[in-house]
Amino acid sequence: MKIKYELLKNEKNTQARYGILKTNHGEFETPMFMPVGTLANVKTLTREELKAMNSAVILSNTYHLWLRPGSEIVKKAGGLHKFMNYDGPILTDSGGFQVFSLVKNKKDITEEGVHFKNHLNGDKLFLTPELSIKVQNDLDSDIAMSFDECPPASADYEYLKTSVDRTLRWAKRGKKAHKNEQQSLFGIVQGGPLEDLRKYSAIETVKLDFDGYGIGGVANDGESKDDMYKAIEYSTPYLPIDKPRYLMGVGDPIDIIEGVIRGVDMFDCVLPTRLARHGNAFTRHGKINLKNAKYKEDFEPIENCDCYTCKNYTKAYIRHLLVCNESLGGRLLSIHNIRFLIKLTEDLREAIKNDNLLEFKEDFLSKYGQN
RNA sequence: GCGUGAUUGGUGAAGUGGUUAACACGGCGGAUUGUGGUUCCGUUAUGCAAGGGUUCGAUCCCCUUAUCGCGCC
């Protein structure tokens, strides 16, 4: 079956929503945060660890799995869930963003699709909306994403308009090619930070009738926070209330709060795991760098937190692991950082239920700082 | 004892009679938003063993001393 979103409550003072997302692999509350497992694996973590931190949906990637091991192999394995031994819901990204982020220079965007080079070995590749959907059908994820174009933050109006129209045509083609009745398909709203383009993109995408809607093209390099928040608030008013809204790629704690306030239900981001591998931890008092010399003799946990890492390890030990390049350091921080964001969404859901989201935000910011 | 070669940051080291002494590692700090698992950026020797001399100017040339290496009695 397709996923079902049930809206249970609107927060009184904001656009925030509390709801339930029903999938073939369980029911989960929203707003939610989805850890990223690009290569059919949330880097360094096992499924037991993900469950222990109350993680629900994870994100995986069409482009990467298409290249390695190849979607036919995942299909042979019985689909992505069986292949990676994960029985929770999986969302697959379409590859649109990867064409943008991994293949910065040599790409040729045509009406038919995108010509670009394999980021691993330089082979010529051609990805189309139909092929992206075919790969995602083979992967058999719970939620597939439309193949979109993700233009740079610096793109001008003319380019953005052209791009939005092309993404709409690609969305239509992808929907037509979509065969998997067990799999839901999301459309993606684009349009940069511009009100009329976001509105247009949202309205036209909704006309195609998807199972949920991504808000894309956000948090691209150079984009200001203000532009990001505008992109969200220019999009969500035109999205149906009975379908989930997914802000693609967003992950900074403050951005998650701002997204929720503007009516977003789902987030994903590499930040918690990437920051972890580079030695950084989210805390309620801001982000810290565990490699800093000041933690050399700090025998306290990162903070008062219910995660496995904080219950068992000190900052001094984690620092030692990081400094020595021991992979357990990044693993322990990944556990803490993902749990931090998931806990944040749990707190946000409570705040929505209690109609005190703005107070929650103010309190959070006063401790967390403004970055 | 005589002869000879060396001595440059925390480490391995480049280098030149003329403004700010390469580069690498390490250290310290920062970045990171639909993944970069090993990434990117910044910073880190007011000084070239010590003292004296030549010179407009010496880390570089000369002398003495110290330390280390090599060869010979």
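Refer to the structure presented above.
Attention here is on the structure that accompanies the text. All values reported here derive from a predicted model rather than from experimental measurement. (Residues numbered from 1 in each chain as written. Chains lettered and ligands numbered in written order. Predicted model: local features only at pLDDT ≥ 70, side-chain atom pairs only at ≥ 80, totals over all residues. Heavy atoms only, no water.)

1. Section: the protein's contact with RNA strand B
Basically, it comes down to this: By convention in these notes, a residue is near a molecule or strand provided one of its non-hydrogen atoms lies within 4 Å of it. Numbering of helices and strands runs from the N terminus, with a helix taken as a DSSP run of H or I at least four residues long and a strand as a DSSP run of E at least two residues long. Here the nonpolar group is Ala, Val, Leu, Ile, Met, Phe, Trp, Tyr, Cys and Pro; Asp, Glu, Lys and Arg are the charged ones; every other residue, Gly included, is treated as polar.
Contacts to RNA strand B come from 43 residues, most closely from Gln98, Leu102, Cys150, Thr273 and Asn280. Going through the elements one at a time, β5 (58-61), α5 (96-101), α9 (225-233), β14 (266-269) and α11 (271-277) are the ones with two or more residues in the surface near RNA strand B. If one sorts the elements of the surface near RNA strand B by residue count, α11 sits on top with 5 residues. A class-by-class count of the residues in the surface near RNA strand B yields 15 nonpolar, 15 polar and 13 charged.

2. A short note on the sheet that holds strand β12 (residues 212-215)
To keep it simple, the criterion reads: Each pair of strands is called paired provided DSSP finds at least two bridges between the two strands. Working convention: axes come from line fits to C-alpha atoms, limited for helices to the stretch in contact. Angles between N-to-C directions cover 0 to 180 degrees. For this analysis, residues touch if any pair of their heavy atoms sits within 4.5 Å.
The 8 strands are arranged β4-β14-β13-β12-β11-β10-β6-β5 in an open sheet whose pairing can be described as parallel. The two strands at the open ends of the sheet, each matched to only one other strand, are β4 (32-35) and β5. Strand-to-strand, the axes of this sheet are offset by a mean angle of 30°, without reference to chain direction. As paired elements, β5 and strand β6 (residues 90-93) share 4 bridges and run parallel to each other. Counted as the bridge partner of Ile58 is Ile90 from β6. The strands touched by helix α6 (residues 129-139) within the sheet are β6, β10 (143-145) and β11 (184-189), with β10 carrying the most contacts at an inclination of about 165°.

3. Thoughts on the environment of Ala52
With respect to the helices, strands and loops of the structure, Ala52 is situated in helix α1 (residues 47-52). Once the C-alpha coordinates of Ala52 and Asp165 are considered, the two residues, 113 residues apart in sequence, prove to be 43 Å apart.

These results come straight from atomic positions and should not be treated as a statement about function.
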